[in-house]
Amino acid sequence: MADHGTAVIRTRELVKQFDTTTALNGVTVDITPGEVVVLLGLSGSGKSTLLRHFNGLEAATSGSVEVLGQDLSTLGGRGLRGLRRRVSMVFQQFELVGPLSVLENVCSGALGSLRGPRLGLLTYPTAVRRRALDNLERVGLGDRAFQRADTLSGGQQQRVAIARALMQDPEILLADEPVASLDPESATTVMALIREIARERELTVVCSLHQVELALEWGDRLLGLRAGELVLETSTQGLTKERVMAIYRSVATDEAQVRELRAELSAQDAAQQLVHADGTI
Amino acid sequence: MPAPALDAGAPADAGSARSIRPPFDLEKTSLGVVLVALAAVSVWSLGHLEMGALFGERARDNIVGFMGRAMPIEFPPVGEVASGVLVTLAIVIAGTALSSALSAPIAFWAARNTTPHPVVRNLARGVGVLSRSIPEIVFVIVLISVMHLGPLPAVVGFGLHSIGMISKLYADAIEQIDEGPVLAIRAAGGSRFQQNVTGVLPQVAPSWIATSLHRLDINLRGSVLLGWVNVKGIGYDMHHYQEMSHWGMVIGIAIIFFVMCVLMEIVSSTIRGAILKTEPTGRGLGARLARRAAARRAARAGEGAEPAAASSTTTATADRPAVPGRTLPPMRGSRLTTTLGGLAAVAIVVWSWAYPGINWADMIDVWTKLPDRLSNMFPLSLGSKSWEDVGGMIGETVLIALAATLIGLVLSLVIGSLAARNVAPNAAVRAVCRGLLVGIRGIPELIMAIIFIVMIGMGPAPGALALGIAGVGLLGKLIADSMEEVAPGPEVAARAAGATRLQVYATATLPQAAPAIFGHLFYLIDHNVRSSTVLGIVGGGGVGFWLFNAVRLSQYDVVLTITVLVVAVVLTVELVSMWVRRVIS
């Protein structure tokens, strides 16, 4: 699947160490332009940490991360900010500035291309405000522009966050558990929106999820992480929910669960070929 | 996608081209107008006070001459210092303890969830606001006139004034509790008193203790003023040497007092940190030491627990009595520290009432003298002043307060922001700014005012300067704390979008901290109006000067009149501040 010549994100033996714990342990991935990649794994498996390496919010302990052709370890303050402008991110907790209006929150996505600090909606150039309103319309919330951001529901806040991400005219969209805090209906709305926008704007999307159904429905390719190691890499083409469930659970960190699963899996030929060489199964 | 309901403030033509300007909001617009007007008046009064004199040649000559007279710095004999320090400490601790005791019932009446009746609630809040708006020194002066001169009027004066702040923060803590346990006690048939003691008190205790300790700091700083009304203590010594123009000694005592304030702040914030169990997360030396100590404690606890668990399952642990049938946990661990801490606190409070030689008979006599004194206060009178004079003096007091707030705000925003962990560019800048704030807080307003008076002579300017700089210690710290408390997520989001440090600050940090900062700002205006009255005592100008003349001449009707006027101004500020906070949040 990975085309090494055109990969927009490429990591080699990426290791991330926090004090005493190893969050990522030798992760090597290639992500090609225009694909929607889903990172699958339980909390603590390293999904967020891996995502945060793709825009330099975390720096690798060893190994390399290359994004849009730039080696992140060579980038300093200004260079890093320049790269971040081309890579948008949406978060599990939306991370809007609650007391500010929805429109001002969307405008703040353009900060990377503006100079100096901005205090208040009217300090943003008219063109930015107009574009912000267009993006807000795109996510279906144009009529909420002047409401306080913290008066919106969770699903609406995440759509505002997507509009804010669009302000960067990004080439890559990183989504860190974008629907984990939402009810099923809002989750579907948000995932559909991400997928549509990715297609419209030819974005590369890397999205971490822990709901298998959503991963299967919205992803082109699955990457499974377990305890900081990449244990699965497969296309979603032709995968059934049952098989993914098995894989997903084998990506669990709970040893007992895995052992139980091993017994189950040995009876299933189909599932076995999907299990990777992480040594335990 | 569900069609979102139209917001009342949003334009109705949802389909057509929308405005990129926010719709007109009367309240927000008037808020803007009020804030701009306040800022304009503050700037004007700052200019009006002619601070330029501070940088003039005369100020330099004065300060050089003053330094000449003040050198060498002298210290009074150890015995004299020790007794002054101890008396001051005792008065402040006794006053704060009295105030805490009086505030507890008031807080229960004032809190929404524990008040017996809305009328009681408003009355209790009213008592708090009134006590807050009468300067402590006014209480002390009136009490001195009906008691023997000594520590008692000072203790009671500080006690009565502190009710304002303590009861408010106590009540706020009650309103923030988890209602579940209270409901459980009510469901089990507990009385209201039982609900409050068993359900509420354990939940609010840490925050109440922290509040009282915080007030102790504030009262200690305010205590230097007691010397100017002849109450014994370290302020008395300072005033004594100042009257004799023995400046070397004045500076010496000021340094001792400064050290005392800083030590008290360190002790009280350490206790507060331990009680509120705030995990030190900073990179400063203190935080690092605290973390290391906590890690060592945890390691030791782990070592101790292991063999016990291995040997037998019936071994006593902190949660299980060693002797069957014993219903109390063993006296060690957290029970031991809590017991010892509680006993120490009781011992200190008992000492504070016993040490300074309180005239206990006054406690009874005062009730026979008080009616007479109160009747002296009526009818209200302006004395020899006309309404025009009074208007001018009140105006001057307000202008001093506003100018001081402006100075305080500008300096606090810079220093306070740089003292916040999430804004400071590095740990060193943060440490320097935090240290600066502690240092400024250690210097009482009164001493700053005296220094500025020496430089540029009596008048409103030195008062405004002293209040302004002293305000930085308070507001700067509050701003730094509010900034550290904002949700970090939006800051990360802005950073991830490629924003610069300054952009992250303006877009994510400041807007989130703004409601809290406005609250603190109006608290400072409030504080400055009261303090600028007090600074009249050293010739700081405004209504305070008149107040102390009236005291000297025993014109208690005038004293009450001035108090009423000050209370009216402070209440106006509080009303505006309540409105501003409501519109902003």
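Figured I'd write up the structure that's included with this text.

Rules and cut-offs
- Residues numbered from 1 in each chain as written.
- Chains lettered and ligands numbered in written order.
- Predicted model: local features only at pLDDT ≥ 70, side-chain atom pairs only at ≥ 80, totals over all residues.
- Heavy atoms only, no water.
- Helix = DSSP H or I, 4+ residues; strand = E, 2+ residues; numbered from the N terminus.
- Buried < 20%, exposed > 50% of the residue type's maximum accessible area, 1.4 Å probe, protein only.
- Pairing = 2+ DSSP bridges.
- 1 Å grid on protein atoms, 1.4 Å probe; cavity = no way out; pocket = protein on both sides within 12 Å on 5 of 7 lines; lining within 4 Å.
- Points joined across faces, edges and corners; volume = space filled by probe spheres on them.
- Nonpolar A, V, L, I, M, F, W, Y, C, P; charged D, E, K, R; others polar.
- Expected span 1.5 Å × (residues − 1).
- Contact = heavy atoms within 4.5 Å.
- Polar contact = N/O pair within 3.5 Å; in protein donor to acceptor, adjacent residues only side chain to side chain.
- Buried area = accessible area lost by both parts, 1.4 Å probe.
- Patch = residues over 30% accessible without salt bridge, like charges linked within 9 Å, V, L, I, M, F, W, Y side chains within 5 Å.
- Areas by Shrake-Rupley, 256 points an atom, 1.4 Å probe, with all protein chains shown as cover.
- Salt bridge = Lys/Arg side-chain N within 4 Å of Asp/Glu carboxyl O.
- Domains from an automatic or database assignment.
- Axes fitted to C-alpha atoms, helices over the stretch in contact; angles between N-to-C directions.
- Parallel < 35°, antiparallel > 145°, perpendicular 65-115°, else oblique.
- Left-handed = near helix turned anticlockwise from the far one by under 90°.

Some words on unusual backbone geometry
Alright, step 1. The backbone of Asp-19 of chain A shows a phi angle near 45°, a positive value even though the residue is not glycine.
Alright, step 2. Checked against the element boundaries, Asp-19 of chain A lands in the loop between strand 1 (9-18) and strand 2 (21-31).
Alright, step 3. Its identity as a non-glycine residue notwithstanding, Ser-554 of chain B has a phi of 55°, on the positive side.
Alright, step 4. With relative accessibility at 46%, the residue Ser-554 of chain B sits in the partly exposed group.

Overview of the sheet that holds strand 5 (residues 70-71) of chain A
Alright, step 1. Read across the sheet, 4 strands follow the order 2-1-4-5 (chain A) without closing on themselves; strand pairing throughout is antiparallel. Here the strands that pair on one side only, and so sit at the sheet edges, are strand 2 and strand 5 of chain A.

Points about the layout of surface pockets
In this approach, a probe sized like a water molecule rolls over the atoms, and the result shows the empty space that is left.
Residue and element names in this part refer to chain B.
Alright, step 1. Here the second largest pocket is characterised by a volume of approximately 1,900 Å³.
Alright, step 2. In terms of lining, the second largest pocket is formed by 47 residues, of which the most central are Lys-28, Leu-31, Leu-35, Phe-518 and Ile-584.
Alright, step 3. Along the lines of polarity and charge, the residues of the lining of the second largest pocket split into 30 nonpolar, 9 polar and 8 charged.

Section: helix 15 (residues 427-442) of chain B
Residues and elements named next belong to chain B.
Alright, step 1. A rise of 1.5 Å per residue sets the reference length of helix 15, with its 16 residues, at 22 Å; its end C-alpha atoms lie 23 Å apart and thus fit the reference within 8%.
Alright, step 2. Here helix 15 has its buried residues at Arg-430, Cys-433, Leu-437, Gly-439, Ile-440, Arg-441 and Gly-442.
Alright, step 3. In this fold, the buried residues of helix 15 make contact with helix 8 (192-222), helix 10 (247-276), helix 14 (387-418), helix 16 (445-456) and helix 17 (460-485).
Alright, step 4. Two to three positions downstream of the cap, the backbone nitrogen of Ala-428 sits 3.1 Å from a side-chain oxygen, assigning the N-cap of helix 15 to Asn-426.

Observations concerning helix 20 (residues 543-552) of chain B
All names here are of chain B.
Alright, step 1. Helix 20 sits mainly inside the fold: 7 of its 10 residues count as buried.
Alright, step 2. Taken residue by residue, helix 20 has Val-543, Gly-544, Trp-546, Leu-547, Phe-548, Ala-550 and Val-551 as its buried positions.
Alright, step 3. Turning to helix 20, the residues buried within the fold contact helix 5 (136-144), helix 14, helix 19 (501-534) and helix 21 (556-584).

Notes on the interface of chain A and chain B
Alright, step 1. Opposite the 47 residues of chain A that make contact, chain B presents 33 residues.
Alright, step 2. Summed over both sides, the interface between chain A and chain B buries roughly 3,300 Å², with carbon and sulfur atoms accounting for 65% of that surface.
Alright, step 3. Elements supplying a minimum of two residues to the side of chain A that touches chain B: helix 2 (77-84), strand 6 (87-90), helix 4 (126-138) and helix 5 (154-166) of chain A.
Alright, step 4. Here the side of chain A that touches chain B gets 5 residues from one element, more than from any other, and that element is helix 4 of chain A.
Alright, step 5. Among the residues making up the side of chain A that touches chain B, the classes are represented as 20 nonpolar, 12 polar and 15 charged.

Details of the pairing of strand 2 of chain A
Alright, step 1. Strand direction decides the pairing type here: strand 1 of chain A and strand 2 of chain A, joined by 8 bridges, are antiparallel. Looking at the pairing, Arg-10 of chain A lines up with Asp-30 of chain A of strand 2 of chain A.

Structural notes on a nonpolar patch on the surface
Residues and elements named next belong to chain B.
Alright, step 1. Taken together, the side chains of Met-67, Met-71, Ile-73, Phe-75, Ile-255, Phe-258, Val-259, Leu-263, Ile-266 and Ile-443 present a nonpolar region at the surface, about 840 Å² in accessible area.
Alright, step 2. Looking at the element boundaries, Met-71 is found in the loop between helix 2 (57-70) and helix 3 (78-110).
Alright, step 3. Using a relative accessible area of 46% as the deciding quantity, one classes Met-71 as partly exposed.

Here we look at empty space enclosed by the protein
All names here are of chain B.
Alright, step 1. Within this structure, the stated rule accounts for 7 cavities of 30 Å³ or more.
Alright, step 2. As a volume, the largest cavity reaches approximately 550 Å³.
Alright, step 3. Taken together, 28 residues form the lining of the largest cavity, with Ile-218, Gly-222, Glu-445, His-527 and Ser-531 sitting closest to its centre.
Alright, step 4. Contributions of two or more residues to the lining of the largest cavity are made by helix 6 (151-175), helix 8, helix 15, helix 16, helix 17 and helix 19.
Alright, step 5. In terms of residue count, helix 19 provides more of the lining of the largest cavity than any other element does, 6 residues in total.
Alright, step 6. Each residue belonging to the lining of the largest cavity can be placed in one class, and the counts come to 15 nonpolar, 6 polar and 7 charged.
Alright, step 7. Both of domain 1 (83-298 + 337-368) and domain 2 (385-585) provide at least three residues apiece to the lining of the largest cavity.

Side note on the pattern of salt bridges
Alright, step 1. According to the stated counting rule, one finds 28 salt bridges over all chains in the structure shown.
Alright, step 2. Between Arg-148 of chain A and Asp-150 of chain A there is a salt bridge whose closest N-O contact spans 2.8 Å.
Alright, step 3. Under the relative-accessibility criterion, Asp-150 of chain A is labelled partly exposed at 39%.
Alright, step 4. For Glu-574 of chain B, the salt bridge goes to Arg-132 of chain B, with nearest N and O atoms at 3.1 Å. In this pair, Glu-574 of chain B is assigned in helix 21 and Arg-132 of chain B in helix 4 (residues 118-133), connecting sequence segments 442 residues apart. For the pair Glu-574 of chain B and Arg-132 of chain B, one class covers both residues: buried.
Alright, step 5. Residues joined in a network through salt bridges with shared partners are Arg-421, Arg-430, Arg-434, Lys-477, Asp-481 and Glu-484 of chain B.

Examining the packing of helix 3 of chain B against helix 6 of chain B
Residues and elements named next belong to chain B.
Alright, step 1. Packing of helix 3 against helix 6 brings their axes to within 6 Å, and their N-to-C directions diverge by 40°. Considering the angle they form, helix 3 stands oblique to helix 6. Here the hand of the crossing between helix 3 and helix 6 comes out right-handed.
Alright, step 2. In terms of residue class, the contact of helix 3 with helix 6 is made up of 18 nonpolar, 8 polar and 1 charged.

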